[in-house]
Amino acid sequence: VDGIGSSSLNLAKPESVEGLAEQMDEDTTLIFCARTTGSKSPWERLKIDLEMVHNVADALARKRVRKCLYFSTLAVYDDSVTQRDITEETGVLPQSPYGITKFAGECILAQVAAERGFPLVVFRPCKLYGPGDRSFEYGPGSFLYSVLMGEPVRLYGDGSELRDHLFIEDLVQIVRHFAQNDESGIYNLASGVSRTYQDLLSIMRTVTKKAFEIIHEDRTRLQIDQTVDVSLLKQAVTGLRLTSLEQGVRETFLDME
């Protein structure tokens with residue numbers, strides 16, 4: 001397994017096409033999960049992310065691979081309204097530059113896969129969390145970090161919205177399955193059990209055994225609930241056992257402590 005970072009191969013640069021193509025052959029399973037980070041505006045990140053997809057697609061057009069696994073996002077669905085039981089058949093209508101970029105990536109790679117005749121798996125994950133996470137995005141990771149630093153947890157609104165979070169070890173198990181087997185297609189990745197942020201805070205009190213202050217911030221958007229149907233994923237990955245939020249938070253806390 002070779003992990004390729006931007007320091008060795010910057011996918012946003014045109015010369016990466018040849019560099020990536022040289023590292024691939026018909027025994028290669030390419031896992032494409034790169035994205036732009038930093039202080040750039042959302043539209044600047046969209047431009048760079050699309051350049052990366054374009055360059056990877058060009059490399060795949062030159063060298064046929066065994067398989068490609070592409071990380072998209074649950075944000076390709078309309079997240080401006082409450083959606084219950086989102087399936088892979090739910091209409092795609094991204095509301096953010098990030099969601100727009102990821103769906104464009106799906107379409108571009110699907111064209112190359114069809115032309116070159118290799119299987120494409122598209123993952124649409126919800127937010128991920130677990131040991132090793134240093135992004136500290138809103139949710140389990142950032143909340144636990146605040147508690148460990150003795151800082152208040154900042155909560156938007158009353159925290160009653162429903163969201164799904166997928167534990168990192170479950171993601172690894174899923175990726176391993178699809179890398180080693182022959183399935184292709186689109187799969188939503190989630191635990192299948194949406195919980196409120198109030199539930200998360202209650203779990204954190206039990207797990208950390210620490211008292212912490214909660215600061216309620218004004219919402220920047222309307223309250224939206226999301227629940228995800230993972231039936232198709234479970235059909236593909238036989239015997240898949242997904243980690244509960246309680247167990248995932250416990251393991252994340254032990255890693256961070």
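Reading guide: rules and limits
Residues numbered from 1 in each chain as written. Predicted model: local features only at pLDDT ≥ 70, side-chain atom pairs only at ≥ 80, totals over all residues. Heavy atoms only, no water. Helix = DSSP H or I, 4+ residues; strand = E, 2+ residues; numbered from the N terminus. Polar contact = N/O pair within 3.5 Å; in protein donor to acceptor, adjacent residues only side chain to side chain. Salt bridge = Lys/Arg side-chain N within 4 Å of Asp/Glu carboxyl O. Buried < 20%, exposed > 50% of the residue type's maximum accessible area, 1.4 Å probe, protein only. Contact = heavy atoms within 4.5 Å.

(A) Local environment of the environment of Asp229. Along the chain, the position of Asp229 falls in the loop between strand 12 (226–228) and helix 7 (231–236). Measuring from C-alpha to C-alpha, the distance between Asp229 and Ser191 comes to 8.9 Å, with 38 residues separating the pair along the chain. Within the local environment of Asp229, its side chain forms a polar contact with the side chain of Ser231, the two groups lying 2.6 Å apart.

(B) The pattern of salt bridges, seen in detail. A complete count under the given rule lists 10 salt bridges for this structure. Across the pair Glu18 and Arg62 runs a salt bridge, and its minimum N-O distance is 2.5 Å. With Glu18 in helix 1 (residues 16–22) and Arg62 in helix 2 (residues 42–62), this residue pair connects regions lying 44 residues apart in the sequence. Residue Glu18 is classed as partly exposed on the basis of its relative accessible area of 40%. Assessed through its relative accessible area of 49%, Arg62 is described here as partly exposed. The residue Asp158 makes a salt bridge to Arg219 at a minimum N-O spacing of 3.4 Å. Highlighted residues: Asp158 in the loop between strand 6 (153–156) and strand 7 (162–163) and Arg219 in the loop between strand 11 (214–217) and strand 12, separated in sequence by 61 residues. Overlapping salt bridges, with partners in common, bring together Asp158, Glu161 and Arg219 in one network.

(C) Region of the structure containing the environment of Leu20. Structurally, Leu20 can be placed in helix 1. Separated by 38 residues in the primary sequence, Leu20 and Asp58 have C-alpha atoms spaced 9.6 Å apart. Once residues within four sequence positions are removed from consideration, Leu20 is found in contact with Ile4, Leu9, Leu11, Val56 and Ala59.

In short, geometric facts, not functional conclusions.
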